[in-house]
Amino acid sequence: MKLFFLLVCLFIERGTPLCQKCFPSDFLWGTATSSYQIEGAWNISDKGENIWDWFVHTYPENITNQGNGDIASDFYHHYEEDIDLMANLSAQVYRMSLSWARILPNGKRDYISEEGVNFYKTIFEKLRSKNIEPVVTIYHWELPMTMHELGGWVNPEMADYFADYASVCYELFGSYVKYWVTVNEPYMQCIQGYGSGIHAPGITDTGVADYQCLYAQLLAHAKAYHIYNDTFKATQNGTVGIALVSQWYEPLTDSEEDKLAVERGMQWMWGLQMNPIIYGNWPQIVIDRIGNFSIAQGLNSSRLPEITQKDTALIKGSFDFVGLNYYTTFYASAMTENISDISYNSDRGIIQSSDKNWVLGANTWLHDVPSGLRKILKWISINYRSPRILITENGWSDLPEVVNDTERINYIQGHTCSLLQAKYVDQVDVFGYIYWSLTNSFEWKTGYSEGFGLIQIDFNSPNRTRTPRASYYYYKNLIETNCLKHCAFR
Ligand code: BGC
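Below: a short report on this structure. Within each chain, residue numbers correspond to sequence positions counted from 1 in written order. The predicted origin of the model limits local features to residues at a pLDDT of at least 70 and limits the giving and counting of side-chain atom pairs to 80 or more, whereas totals for whole chains, interfaces and linings rest on all residues. Excluding hydrogens and water, the side-chain values take into account all heavy atoms of the structure.

**Re the site of the ligand**
The environment of the ligand is made up of Gln37, His140, Trp141, Asn184, Glu185, Tyr327, Trp365, Glu393, Trp436, Glu443, Trp444 and Phe452. Asparagine 184 has a polar side-chain atom sitting 3.0 Å from an oxygen atom of the ligand. Side-chain polar atom of glutamate 443 to an oxygen atom of the ligand: 2.5 Å apart, as the coordinates give it. Exposure was quantified through the Shrake-Rupley algorithm and a 1.4 Å probe, taking into account, for residues, occlusion by the shown protein chains and nothing else. Here the ligand loses 94% of its free accessible area of 310 Å² to cover by the protein chains. Nearness is defined per residue: one heavy atom within 4 Å of the molecule or strand is enough. Polar contact is defined as a pair of N or O atoms within 3.5 Å, subject to the rule that within protein one atom must be able to donate a hydrogen and the other to accept it, and that residues adjacent in sequence are counted only when both atoms are side-chain atoms.

**Points about the sheet that holds strand S12 (residues 430-436)**
A pair of strands counts as paired when DSSP detects no fewer than two bridges linking them. Only DSSP runs of H or I covering at least 4 residues are called helices, and only runs of E covering at least 2 are called strands; the numbering of each starts at the N terminus. Taken in spatial order, the 8 strands of this closed barrel run S2-S3-S4-S5-S6-S8-S11-S12, and their pairing is parallel. Across the sheet, the mean angle from the axis of one strand to that of its neighbour is 25°, orientation sign disregarded. Strand direction decides the pairing type here: strand S2 (residues 28-32) and strand S3 (residues 93-97), joined by 3 bridges, are parallel. Across the sheet, threonine 31 pairs through a bridge with tyrosine 94, a residue of S3. The contact rule is simple, with two residues in contact once any of their heavy atoms fall within 4.5 Å. Note on geometry: axes are lines fitted to C-alpha atoms, helical ones only across the stretch in contact, with angles between N-to-C directions running from 0 to 180 degrees. Lying on the sheet, helix H11 (residues 256-279) is in contact with strand S6 (239-245) and strand S8 (321-325); it crosses S6 at an angle near 155°.

**A few points about the nonpolar core**
The definition of a nonpolar core used throughout is a set of buried Ala, Val, Leu, Ile, Met, Phe, Trp, Tyr and Cys residues joined through side-chain atoms within 4.5 Å. To sort residues, take the accessible area from a 1.4 Å probe on protein chains only and compare it with the maximum for the residue type: under 20% means buried, over 50% means exposed, and anything in between is partly exposed. One finds Trp52, Leu98, Trp153, Phe162 and Trp180 to be the most contacted residues of the largest nonpolar core, which totals 151 residues. At 14 residues, helix H10 (residues 209-236) tops the list of elements feeding residues into this core. Discounting residues that sit within four places of it in the chain, leucine 98 has contacts with Ser35, Ile103, Tyr120, Phe124, Val136, Thr137, Ile138, Glu142, Tyr165, Cys169, Phe173 and Trp180.

Pasting the structure below:
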């Protein structure tokens, strides 16, 4: 019978009520951005410099076409237009981030910028007037330079500075915010900013500083979580989570080695971030392998910082919900061990590849593989005690000039269908979907050469003209109907 309906849905009655699948009425829909990628106004009034300001100005050649976020989409001056566009989309939530150095110019709470605070309060007021709930990321990669000068994320004391900053945010903006996200993607910032060095602050110390950074960011997250819970939750009644990125891995072949490579791929990405939060420590396979490699490399102790009992007490259970940023899937196969190479890649020991049949976006890594979203959601649910999950990012990149963006529509359709299957068939507790991104923006290393936006921006025009793409209207219809027309359940 099930097969019958499936065949009917697939071949005959696509789009009829038989095949239409709806999301729960309280399911949250929205779009996301981050402060450095959109705001511009990098040195307005008393705003402090952050590591991205410094990085793009010091090493302009590191960014495609020497792009930078000095003006970006100039959200600082165009926020009204963008919030109107969100309202017209019928979005219920907006995931945004706060710029630490705009609020605390020297990183510390002893000096608070009135203009910075007023800017965000104006945004929150405007969102409120449009009934859009903010999902606020406290930190999306733009560490104040003053903090970097104190050692940045390789210094575990950063966790205390971050907790101070977070408590300023709760105090100032808590009456507007029900969903806080402490840190965006510790993995990406640490591996790319402190390991490979392709992101700010450009530190190349793979296999060492990247793990130290992860450790400090987990502590930072946990401290910020507890401050909210202990001091603000009773009056503000919000929730606190963290946004973790992960791709999904499939084994390249059926060999045992490749299956183990998949396990390492997942543990060196998702596990490094999530295992401490659920179980209080790094994944055992990560502890063992890095520990053994470190000894073989002649070191006295593991390159992986120890999570002490005191840390465990702080980190374990420090979340109300978990944000998942899922973009794509890779094949994993085993890499030949090279013990003399101290690096994250050697520790992980996998080779990543992609399927030639997967549609590729405008960069080197993003393939459209919706099945990966369903699989990772199910895997997380089974292995990490069924956390409450919000999709905090999922998005497609194409060339900035494309307006009739059918590939993006396909991507959203496929991924939201996977999400529904995960929710209804696999019983995953996922309560919302936030598309990345509302507009095209500064895409870090690749500058403005690609765009994830539902809305295109003319970065050459002084007023940064906004043009909704075809996907904007597709997504609007999806949000308003709350149902998918073509989504057969398997
Ligand atoms: C980041 C975003 C970024 C997106 C697309 C995510 O890892 O959080 O800032 O724009 O990926 O690359």
